Amino acid sequence: MSVQAPIKRLTAPDIAAKKGVEPIVSLTAYHAHTAAIADKYCDFLLVGDSLGMVMHGYETTVPVPLELMIMHGRAVTRGARRALVVVDMPFGSYEESPQVAFRNAARVMKETDCGAIKLEGGTRMAETIRYLVDRGIPVMAHIGLTPQSINVLGGFKAQGRSQDQWAALEADAIAVAEAGAFSVVLEAIAEPLAARISKAIGIPTIGIGASSACDGQILVMEDMLGLSPRVPKFVKEFGKVGALIESAIKGYADEVKARTFPAAEHTYAMRAESGTAAPATSKGGVAKKP
Ligand code: KIV
């Protein structure tokens, strides 16, 4: 038995059990300090591969490597004590075969201490989802607008806005639920279809641009904080953190130029020693004795 006090985070079954009971709250998180704040309010935190775009400046999520997901996953599990932490499998790390998916997902779980992984795809990924779940890896699925397939989809487009797309999307949702996923993200799906899918399957639907008909919601944290320069229609900015950061940095730059920062209260004086005290240098250090 471990000698350390246990961290008791919510589990994948805890999240699944919330369907029909209460709305599920979630956000993406990529680093320890913001994860610690979001942990107080969220049921799960997703270390999404959107980190490639919002933190590392990539145009899409396609180039994101597994190592980057593991590094940010570790940071988030260091910050979160209560919420389930879910780590996204990046493009190229799971599609090839259930065996490759298991090897990489097991590595993510061992090296990050997360409680579940997420992967994109519906019917085509059902066999892999079943394989992972049977071997101890909880899986969150992701259907609708799947950003890793951007080069096939031809752009970040809402899904299910014409009825001829409905059957395939509904079949995707049913396939991942039957394969054992504990929940499914519906991204950019027209409201009536999101409502229909949420009624049709027994696992929670987590909406991002898929209306309040879903069992829970997720947003990319930087988008909802007002830190991202461009956001999709479905994002509501709950804060203006970008503007706050800019005004703080401008204030700092102005004070450095005006030499009003650092002031006396930010500067170290000498400790009173027996006899003479050497004057502080302009950097607050100790002046060398002649
Ligand atoms: O990577 C991500 O942030 C996601 C969300 C959009 C659900 O997958």
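Residues numbered from 1 in each chain as written. Predicted model: local features only at pLDDT ≥ 70, side-chain atom pairs only at ≥ 80, totals over all residues. Heavy atoms only, no water.

For the rest of this paragraph, the subject is a nonpolar patch on the surface. On the surface, a cluster of nonpolar side chains totalling about 270 Å² of accessible area is made up of Met 53, Tyr 58 and Phe 156. Along the chain, the position of Met 53 falls in helix H3 (residues 51-54). Overall, Met 53 belongs to the partly exposed group, its relative accessible area being 30%. (Patch = residues over 30% accessible without salt bridge, like charges linked within 9 Å, V, L, I, M, F, W, Y side chains within 5 Å. Areas by Shrake-Rupley, 256 points an atom, 1.4 Å probe, with all protein chains shown as cover. Salt bridge = Lys/Arg side-chain N within 4 Å of Asp/Glu carboxyl O. Helix = DSSP H or I, 4+ residues; strand = E, 2+ residues; numbered from the N terminus. Buried < 20%, exposed > 50% of the residue type's maximum accessible area, 1.4 Å probe, protein only.)

Right, let's get into the site of the ligand. Inspection of the region around the ligand gives Thr 28, Leu 46, Gly 48, Asp 49, Ser 50, Asp 88, Lys 118, His 142, Val 185, Glu 187, Ile 208 and Val 220 as its neighbouring residues. Here an oxygen atom of the ligand and a side-chain polar atom of Asp 49 are 3.0 Å apart. Contact between the ligand and Lys 118: an oxygen atom at 2.9 Å from a side-chain N or O atom of the residue. In the complex, 95% of the free accessible area of the ligand, which totals 260 Å², lies under the protein chains. Residues of the shell around the ligand, tallied by class, amount to 4 nonpolar, 4 polar and 4 charged. (Near = heavy atom within 4 Å. Polar contact = N/O pair within 3.5 Å; in protein donor to acceptor, adjacent residues only side chain to side chain. Nonpolar A, V, L, I, M, F, W, Y, C, P; charged D, E, K, R; others polar.)

Mean pLDDT for the protein: 93, with 94% of residues reaching 70 or above. Note on residues 281-290: pLDDT under 50 across the span, and 10 contacts to partners over four residues away in sequence or across chains. (pLDDT = per-residue confidence, 0-100. Contact = heavy atoms within 4.5 Å.)

With 18 residues, helix H11 (residues 241-258) extends 26 Å from end C-alpha to end C-alpha; this agrees with the ideal 26 Å at 1.5 Å per step. Phi turns positive, to about 60°, at Arg 259, one or two residues after H11. (Expected span 1.5 Å × (residues − 1).)

Let's shift gears to the sheet that holds strand E5 (residues 139-144). Taken in spatial order, the 8 strands line up as E1-E2-E3-E4-E5-E6-E7-E8 and close into a barrel, and their pairing is parallel. Going across the sheet, the axis of each strand differs from the next one's by a mean of 25°, ignoring polarity. Against the sheet, helix H8 (residues 166-179) touches E5 and strand E6 (183-187), its axis set at about 175° to E5. (Pairing = 2+ DSSP bridges. Axes fitted to C-alpha atoms, helices over the stretch in contact; angles between N-to-C directions.)

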